[in-house]
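Report on the structure
Each chain, written out:
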Amino acid sequence: QVQLVESGGGLVQPGGSLRLSCAASVNIFSINAMGWYRQTPGKERDLVTTITYTGTTNYGDSVKGRFTISRDFAKNMVYLQMNNLKYEDTAVYYCNADFNDRTYWGQGTQVTVSS
């Protein structure tokens, strides 16, 4: 019912910046909440940030002050601006949406922070 496609991942040096994009197949005005999560191999998928339809945001402690979630309603896009990247930010980043009492996930995009 909701297709989410992430893009923008890649290799970046520590201290660098990267912007991830999530394209939604429905009007994001209709989505109750969206967010970004990340996961490393064999580990639990962790919350990075969420944003509700009202614009209320929440950030994990490890990314607060460095990452910012934003939306472009006209393009049905959600972004994750990542600044001052650290080695521990290396993970597959997944876009998430809560819509009509169901949870949707994108396929993920790899972010690798390496010197």
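My aim in this report is to walk through the structure given alongside it, one point at a time.

Cut-offs used in this document
Residues numbered from 1 in each chain as written. Predicted model: local features only at pLDDT ≥ 70, side-chain atom pairs only at ≥ 80, totals over all residues. Heavy atoms only, no water. Helix = DSSP H or I, 4+ residues; strand = E, 2+ residues; numbered from the N terminus. Rg over C-alpha atoms; globule rule 2.2 N^0.38 Å. Phe/Tyr/Trp six-rings, centres within 6.5 Å; stacked < 30°, edge-to-face > 60°. Lys NZ or Arg CZ within 6 Å of the ring centre and 35° of its normal. Pairing = 2+ DSSP bridges. Axes fitted to C-alpha atoms, helices over the stretch in contact; angles between N-to-C directions.

**Section: the overall build of the protein chain**
The helix and strand inventory of the protein chain stands at 0 helices and 11 strands. Walking the protein chain from its N terminus toward its C terminus, one meets helices and strands in the order β-β-β-β-β-β-β-β-β-β-β. The C-alpha radius of gyration of the protein chain comes to 13 Å, within 12% of the 13 Å expected for a compact globule of 115 residues. Judged by the C-alpha coordinates and their principal axes, the protein chain covers about 40 × 25 × 25 Å.

**Notes on the packing of aromatic side chains**
What the rule picks out here adds up to 2 aromatic pairs. Ring geometry for Phe29 versus Phe73: centroids 4.0 Å apart, planes at 10 degrees, classification stacked. Of this pair, Phe29 sits in the loop between strand S3 (18-24) and strand S4 (33-39) while Phe73 is found in the loop between strand S7 (67-72) and strand S8 (77-82), placing the two residues 44 residues apart along the sequence. Between the NZ or CZ atom of Arg19 and the centre of the ring of Tyr79, over which it lies, the distance is 4.2 Å. The ring of Trp105 is capped by Arg45, whose NZ or CZ atom sits 4.6 Å from the centre of that ring.

**Considerations on the sheet that holds S8**
As summarised here, the arrangement of the 4 strands in space is S1-S3-S8-S7, forming an open sheet in which the pairing is antiparallel. Taken across any chain shown, the strands that pair with only one partner, and hence form the sheet edges, are strand S1 (4-7) and S7. Direction aside, neighbouring strands of the sheet carry axes that sit 20 degrees apart on average. Both S3 and S8 contribute to a ladder of 6 bridges, which runs antiparallel. For Cys22, the partnering residue across the bridge sits in S8 and is Val78.

The quantities given are spatial measurements derived from coordinates; they are silent on function.
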